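# Summary of structural features
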Amino acid sequence: MPVTNKYKRPLLKLSGEAFCEEGGSGVSGDRLLAVARVIAELLKIPVELAVVVGGGNFVRGAQLKISSIGKASADYMGMLATVLNAIALQDTCESIGCETRVLSSLEVPAVAERWVRRRAVRHMQKGRVVIIAAGTGNPHFTTDTAAAQRAVEIGCDVIIKATKVDGVYDKDPNKFKDAKRLHKLTYQEALEKNLRFMDQTAIALCREHKMPVLVTDMNEPGSIEAAIRGKEVGTLIES
């Protein structure tokens, strides 16, 4: 019997931490290559894949505390940081044979195409990985919210949020030894318990559009592929 996959058009959400060494900043060639190889394996399933990248390895706008820099400007700096990661991921993916396109919500025509929904869908249908940069293009919104918005726009059937932990816990597993992983959650439970795997705007948007979210460990070999196959990994959030 051929192996089938549960999801046909996933959106993979990667934080800036995916591109740098543990506790570091900037980009690491080894980390980039590891991410690119995961993407290459996903394309073999096959799937139509979109990737939304964060920028916290360079600038995290929401946490930039410099009195002379306004909140909106800090957020725009964070969006530009995601463009850096998108370019780095694009070149690394293409170095191992994956065709990609970077689509940016900010105008940077020398290095990326402008975000257009129909263009993104067409690229995916042609087997290209669509790397989405610059969040929503607006300040005061996170890249998690961008992932939710873009996933809905282009008709994805799941958001896979790849993190440093293997799912969502009832409390911080780094601080509490008795923390328990939650295998399944509803959107409402996630909002009521104020679980911080995504911001509340993103969760509410996913709830409104019935977009499932699966949180899994980006460093666990095969976990993202297993999630797409429909195997029980990480934490699934749905209605």
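Not measured: the values here are computed from a predicted model.

## Quick notes on the packing of helix α4 (residues 143-153) against helix α6 (residues 200-209)
Closest axis-to-axis distance for the α4/α6 pair is 8 Å, and the angle between their directions is 20°. Classified by the interaxial angle, the pair formed by α4 and α6 is roughly parallel. At the point where α4 passes α6, the crossing takes the left-handed sense. Packed against α4, whose contacting residues are Asp144, Thr145, Ala148, Gln149 and Val152, the element α6 presents Thr201, Ala202, Leu205, Cys206 and His209 at the interface. Across the contact of α4 with α6, the residue classes break down as five nonpolar, four polar and one charged.

## Considerations on the nonpolar core
Counting 39 residues, the largest nonpolar core has Leu12, Leu14, Ile39, Leu49, Val51, Leu89 and Ile228 as the members making the most contacts within it. Contributions of two or more residues to this core are made by β1 (10-14), α1 (29-43), β2 (50-53), α2 (71-95), β5 (129-133), β6 (158-163) and α7 (223-229). Once residues within four sequence positions are removed from consideration, leucine 89 is found in contact with Phe19, Leu32, Val35, Ala36, Ile39, Val51, Val53 and Ile131. Within the second largest apolar cluster, 32 residues are counted, among which are Leu11, Trp115, Ala147 and Val213.

## Observations concerning the pattern of salt bridges
Following the criterion strictly, the structure yields 15 salt bridges and no others. Residues glutamate 113 and arginine 119 are paired through a salt bridge, measuring 3.7 Å at the closest nitrogen-oxygen approach. Given the relative accessible area of 34%, arginine 119 is considered partly exposed. Across the pair arginine 150 and glutamate 153 runs a salt bridge whose closest N-O atoms are separated by 2.5 Å. One end of the pair is arginine 150 and the other is glutamate 153, both in helix α4 and three residues apart, which spans about a single turn. We classify arginine 150 as buried; its relative accessible area is 5%. Using a relative accessible area of 26% as the deciding quantity, one classes glutamate 153 as partly exposed.

## As for α6
Residues of α6 that are buried: Ala202, Ile203 and Cys206. Across the axial projection of α6, the buried residues extend over an arc of 100°, all falling on one side. Measuring from the backbone nitrogen of threonine 201 back to the side-chain oxygen at the start of α6 gives 3.0 Å, which picks out aspartate 199 as the cap. Residue lysine 210 follows α6 closely and has a positive phi angle near 55°.

## Here we look at the sheet that holds strand β9 (residues 184-185)
As summarised here, the arrangement of the nine strands in space is β4-β3-β5-β2-β1-β6-β10-β11-β9, forming an open sheet in which the pairing is mixed. The open sheet has two edge strands with one neighbour each: β4 (113-114) and β9. Those strands touched by α4 are β1, β2, β5 and β6, and its axis lies near 170° from that of β1.

## Some thoughts on a nonpolar patch on the surface
Residues Val27, Phe58 and Leu84 make up a contiguous nonpolar surface patch of about 250 Å² in total accessible area. According to the relative accessible area criterion, leucine 84 is partly exposed, its value standing at 46%.

## So, α4
Spacing of three or four residues puts side chains on the same side of an α-helix, whose turn is 3.6 residues. Across the 11 residues that make up α4, a large majority, eight, are buried. Listing the buried residues of α4 in full gives Thr143, Asp144, Thr145, Ala146, Ala147, Ala148, Arg150 and Ala151. Looking at the buried positions of α4, the neighbouring elements they touch are β1, β2, α2, β5, β6 and α6. Where α4 begins, one side-chain oxygen reaches toward the backbone nitrogen of aspartate 144, 3.2 Å away; that side chain belongs to threonine 142. Glycine 155 occupies a position one or two residues after α4 and carries a positive phi of about 70°.

Conventions used here
Residues numbered from 1 in each chain as written. Predicted model: local features only at pLDDT ≥ 70, side-chain atom pairs only at ≥ 80, totals over all residues. Heavy atoms only, no water. Axes fitted to C-alpha atoms, helices over the stretch in contact; angles between N-to-C directions. Helix = DSSP H or I, 4+ residues; strand = E, 2+ residues; numbered from the N terminus. Parallel < 35°, antiparallel > 145°, perpendicular 65-115°, else oblique. Left-handed = near helix turned anticlockwise from the far one by under 90°. Contact = heavy atoms within 4.5 Å. Nonpolar A, V, L, I, M, F, W, Y, C, P; charged D, E, K, R; others polar. Core = buried A, V, L, I, M, F, W, Y, C linked by side-chain atoms within 4.5 Å. Buried < 20%, exposed > 50% of the residue type's maximum accessible area, 1.4 Å probe, protein only. Salt bridge = Lys/Arg side-chain N within 4 Å of Asp/Glu carboxyl O. Arc of directions from axis to C-beta. Polar contact = N/O pair within 3.5 Å; in protein donor to acceptor, adjacent residues only side chain to side chain. Pairing = 2+ DSSP bridges. Patch = residues over 30% accessible without salt bridge, like charges linked within 9 Å, V, L, I, M, F, W, Y side chains within 5 Å. Areas by Shrake-Rupley, 256 points an atom, 1.4 Å probe, with all protein chains shown as cover.

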